[in-house]
Amino acid sequence: MSHAEFEVFNHRTNNYYAFRRLSFEQDVDLYCRWMQQPYVAQWWGLNLSRADLAQKLLAELEDTHQELFIGLINGRPVSYFEKYWLHADALGHFIHHEPFDQGLHFLIGEPTYFGRLHTSSSIAAFTKLIFTEKRTQRVIGEPDIRNKAALLYAEANCFVQREIVTLPERTSAIMVCEREQFFSRFAKEETQLYRRFPAANEASFSANL
């Protein structure tokens, strides 16, 4: 997985989840194609021309309060993730936040990887990446309250709905993941995603994912 900044192995499905920094030159075509996917455009609202999307991506890369990543599954680029500091983001004006809280946005751009098998693991892996910043005790998501799938994936990854806020562009559920709660379920080891349970318990746990 060349150039990956962070990588974990999901021993339940035998898949590697990794993230590398987004490069405009390398990834602009992926970004534009993914944003134009109907199921992505429905929630991101960025079904724009390639030229307009490229300009938006350049602006996003210049925004120093956030970092952009390409998510890989077994080495293949399949998703786009953002992490950002709440105190420097517009969302910080609408909700209570602590000094080192971080937020995330994401999309699964490749349709064959969208769904129960990979979406939940991708979110968990990226949340674990965010928690490598030791000062961060909470990760916050802000999905549209109409996006039921995003809400379910968040809840499956230790995010708890704290409130609903009306933002300029949408009404969002504020989903909060606490560090302690996250690592009560997911591995503390750097290279693993899930904690390893005794065999009998693990089979039961996996069946409920």
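Placed above this text is the structure.
Residues numbered from 1 in each chain as written. Predicted model: local features only at pLDDT ≥ 70, side-chain atom pairs only at ≥ 80, totals over all residues. Heavy atoms only, no water.

(A) Examining the packing of aromatic side chains more closely. Tallied over the full model, the rule gives 15 aromatic pairs. Measuring from centroid to centroid gives 5.0 Å for Tyr39 and Phe114, while their planes differ by 35 degrees, and the two rings are tilted. In this pair, Tyr39 sits in helix H2 (residues 38-44) while Phe114 sits in the loop between strand E5 (102-108) and helix H4 (116-130), placing the two residues 75 residues apart along the sequence. Relative accessible area serves as the criterion here: at 42%, Phe114 is assigned to the partly exposed category. Arranged with centres 4.5 Å apart and planes meeting at 25 degrees, the rings of Phe182 and Phe186 form a pair that is stacked. It is Arg12 that lies over the ring of Tyr194; its NZ or CZ is 4.0 Å from the centre. (Phe/Tyr/Trp six-rings, centres within 6.5 Å; stacked < 30°, edge-to-face > 60°. Helix = DSSP H or I, 4+ residues; strand = E, 2+ residues; numbered from the N terminus. Buried < 20%, exposed > 50% of the residue type's maximum accessible area, 1.4 Å probe, protein only. Lys NZ or Arg CZ within 6 Å of the ring centre and 35° of its normal.)

(B) Quick look at helix H1 (residues 24-35). For H1, every residue scored as buried is listed here: Asp27, Val28, Leu30, Tyr31, Cys32, Trp34 and Met35. Against strand E2 (15-21), H2, helix H3 (50-62), strand E3 (66-73), strand E4 (76-85) and E5 lie the buried residues of H1. (Contact = heavy atoms within 4.5 Å.)

(C) Focus on the packing of H1 against H3. H3 packs onto H1 with a crossing angle of 125 degrees between their chain directions and a minimal axis gap of 10 Å. Here H3 runs oblique to H1, going by the angle between their axes. Regarding H1 and H3, the two cross each other, and that crossing is right-handed. On H3, the residues touching Phe24, Val28, Asp29, Tyr31, Cys32 and Met35 of H1 are Arg50, Leu53, Ala54, Lys56, Leu57, Leu58 and Leu61. (Axes fitted to C-alpha atoms, helices over the stretch in contact; angles between N-to-C directions. Parallel < 35°, antiparallel > 145°, perpendicular 65-115°, else oblique. Left-handed = near helix turned anticlockwise from the far one by under 90°.)

(D) The pattern of salt bridges, seen in detail. Counting across every chain of the model gives 14 salt bridges. For Lys56, the salt bridge is made with Glu60, and the minimal N-O distance between the two is 2.8 Å. Of the two residues, Lys56 and Glu60 both sit in helix H3, four residues apart, roughly one turn of that helix. Accessibility expressed as a relative area gives 28% for Lys56, which makes it partly exposed. As a salt-bridge pair, Arg135 and Glu133 come within 2.9 Å of each other at their nearest N and O atoms. Judged by relative accessible area, which is 23%, Glu133 ranks as partly exposed. (Salt bridge = Lys/Arg side-chain N within 4 Å of Asp/Glu carboxyl O.)

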